[in-house]
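Topology and contacts: notes
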Amino acid sequence: MPVEDHESHDVDTDLFEDRLGIAMRQAGDFFEADRSGLVAAGAVRGRRLLLRRRAAVVGGVAAVALVGVGGTLLVPWGGADNGRQSVAAGRSTPTAPAENDGKVSGAELVHTLKKLLPKGEFTEEQGRGTDAEPLPYAQVVFDDGKGPGAVSVGLNRVEPGSEQARQWTECPDRNRVSYDRCTSSRLSDNSTLMLFQGYEYPDRRVDTKRWSADLVTPQGHHISVSEWNAAAEKDAPVSRANPPLSRDQLKQVVTAPAWRTAIDAIPENPKGQDSKGEDSKGEGSNAQAPENTPTTPPGADGAAISQTLASLLPKNVDVVSKGGQETEYAYLVVDDGKGKGLVQVNVQPDMSDVEHELFGADAETLPDGTKVATSQGPGEKGATGVVIWTVDTIRTDGRRVVISAFNSGTQQGAATRETPALTMDQLREIATSPKWQQLG
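The rules we used
- Residue indices begin from 1 for each chain and proceed along its sequence in written order.
- Local features in a predicted model are, by the rule used here, given only for residues with pLDDT of at least 70; side-chain atom pairs are given and counted only at 80 or more, and totals for whole chains, interfaces and linings are based on all residues.
- No hydrogens and no water enter the side-chain calculation; it runs on all heavy atoms of the structure.
- When DSSP finds two or more bridges between two strands, those strands count as paired.
- In this description a helix means any DSSP run of H or I spanning at least four residues, a strand means any run of E spanning at least two, and both kinds are numbered starting from the N terminus.
- In what follows, residue pairs with any heavy atoms lying within 4.5 Å of each other are defined as contacts.
- Whenever a helix is involved, its axis is fitted only over the stretch in contact; in every case the axis is a line through C-alpha atoms, and angles between N-to-C directions fall within 0 to 180 degrees.
- In the sections that follow, a salt bridge refers to a side-chain nitrogen of Lys or Arg positioned within 4 Å of a carboxyl oxygen of Asp or Glu.
- A simple rule labels every residue: compare its accessible area, found with a 1.4 Å probe on the protein chains alone, to the largest value its type can have, and call it buried under 20%, exposed over 50%, or partly exposed in between.

The subject of this paragraph is the sheet that holds strand β12 (residues 340-348). Judged by pairing direction, the sheet is antiparallel, and its seven strands sit side by side in the order β10-β11-β12-β16-β15-β14-β13 without closing on themselves. Pairing within the sheet leaves two strands with one partner each, and these edge strands are β10 (318-324) and β13 (364-365). Strand direction decides the pairing type here: strand β14 (residues 371-378) and strand β15 (residues 387-394), joined by eight bridges, are antiparallel. Paired with Gln 376 across the two strands is Trp 389, which belongs to β15. Strand contacts of helix α9 (residues 424-431): β13, β14, β15 and β16 (400-406), with the helix running at about 30° to β15, the strand carrying the most contacts.

Here is the structure:
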């Protein structure tokens, strides 16, 4: 997670958001995000990436997971989000679902959702049909007598067997996302189901719980059901101890055949052009798919990044655990005998076109042309005493290597030591190592 400020730690998160915005503009994608959630999100993947909410796929709507475009995401048109981006986010007066916005209308989707839920009262019904942009969804506030809770379902297509399909049903790394329980299993029809019980915010600064079920079928149907222990995912007080549906009930809802029928009804290209899109609250987002051209270099292998980082650590540091993504990001939890500390690195290709935005006049230029910027500041909100030290570099060929160290073993936990396990000089030595140029 690159931190943006190279001078003053008081604005680290502001500049981090700005730098995410740079990457976002390169992808042609626009969104509104929560700052603290951004800081909690983890891996920053940089350029030509499709930004989507949910850290590590399910880390909370306020967080950001950055997903590469090496594997094509099958959507009905141009690349808008999956329709569940923030279907329960607002507390504005809902508009009644339409009866004529698709082969399967928003009203029909809401009716299906209500039929699948236990007996109770329904309010704040919202929905979007299969012809509406960007993608169909249904949402209600459901009260079974124990308090209201928002329940939503989003529908989309994914490419069977793709990285995106796998990510939607893969439990997130506990180092990056705080949650209570998550399971991923293969069903009898060869569909993959993930059941997740966690929190709306990765740092748990609010007690809102978010439980969800994601189903991906061999045919590429993606159904996502989410529920909260509040009447909205944000801007609503906690109204019950837990979301209204149990894990078994979530499974029954997400596996209902009606959702697959609705996904089959989504047009491949309703207007014959790229989507101008809107987010799932109905506000324009102008989301478009990031350009994926043959000249876009592939990201470095995540396993190779992890091995390279480990090889560059000081001898007095032991690796306790490790993780990361398939490409461009890896982390290690290390211990020098004074407590655990998280060290993470991003390796991003071809960032030259935004170099002037990422590295200002205060950046140092080494004899070989590498630019170096450093920062030291507080970690994410809600984590007591956590600090983050960062060294950000870019080579003359555009390869960017960003390494950060925390004085905690996770991004969400409290400080486990006074300072990170690596000094700024050690981080600088690692970030400027020629070994990074040897990665594909």
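Moving on from the coordinates now.
Here the focus is the pattern of salt bridges. Taken as a whole, this structure holds nine salt bridges when the rule is applied. In this structure, the salt-bridge partner of Arg 260 is Asp 189, at a minimum N-O distance of 3.1 Å. Note that Arg 260 is positioned in helix α6 (residues 257-264) and Asp 189 in the loop between β6 (179-186) and β7 (192-199), a separation of 71 residues in sequence. With a relative accessible area of 18%, Arg 260 lands in the buried category. When salt bridges with common partners are traced through the structure, they connect Arg 166, Glu 170 and Glu 326 into a single cluster.

Next up on the list: the sheet that holds strand β8 (residues 209-216). Strand order in this open sheet of seven strands is β3-β4-β5-β9-β8-β7-β6, and the pairing throughout is antiparallel. Sheet topology places β3 (121-128) and β6 at the edges, where each strand pairs with a single neighbour. Across the sheet, the mean angle from the axis of one strand to that of its neighbour is 10°, orientation sign disregarded. Sheet analysis places β6 next to β7, joined by seven bridges and oriented antiparallel. Pairing of Tyr 179 across the sheet is with Gly 198, part of β7. Sheet strands in contact with helix α3 (residues 106-116) are β3, β4 (137-143) and β5 (148-157), and its direction is about 40° off that of β4. Lying on the sheet, helix α5 (residues 247-254) is in contact with β6, β7, β8 and β9 (221-228); it crosses β7 at an angle near 135°.

These results come straight from atomic positions and should not be treated as a statement about function.
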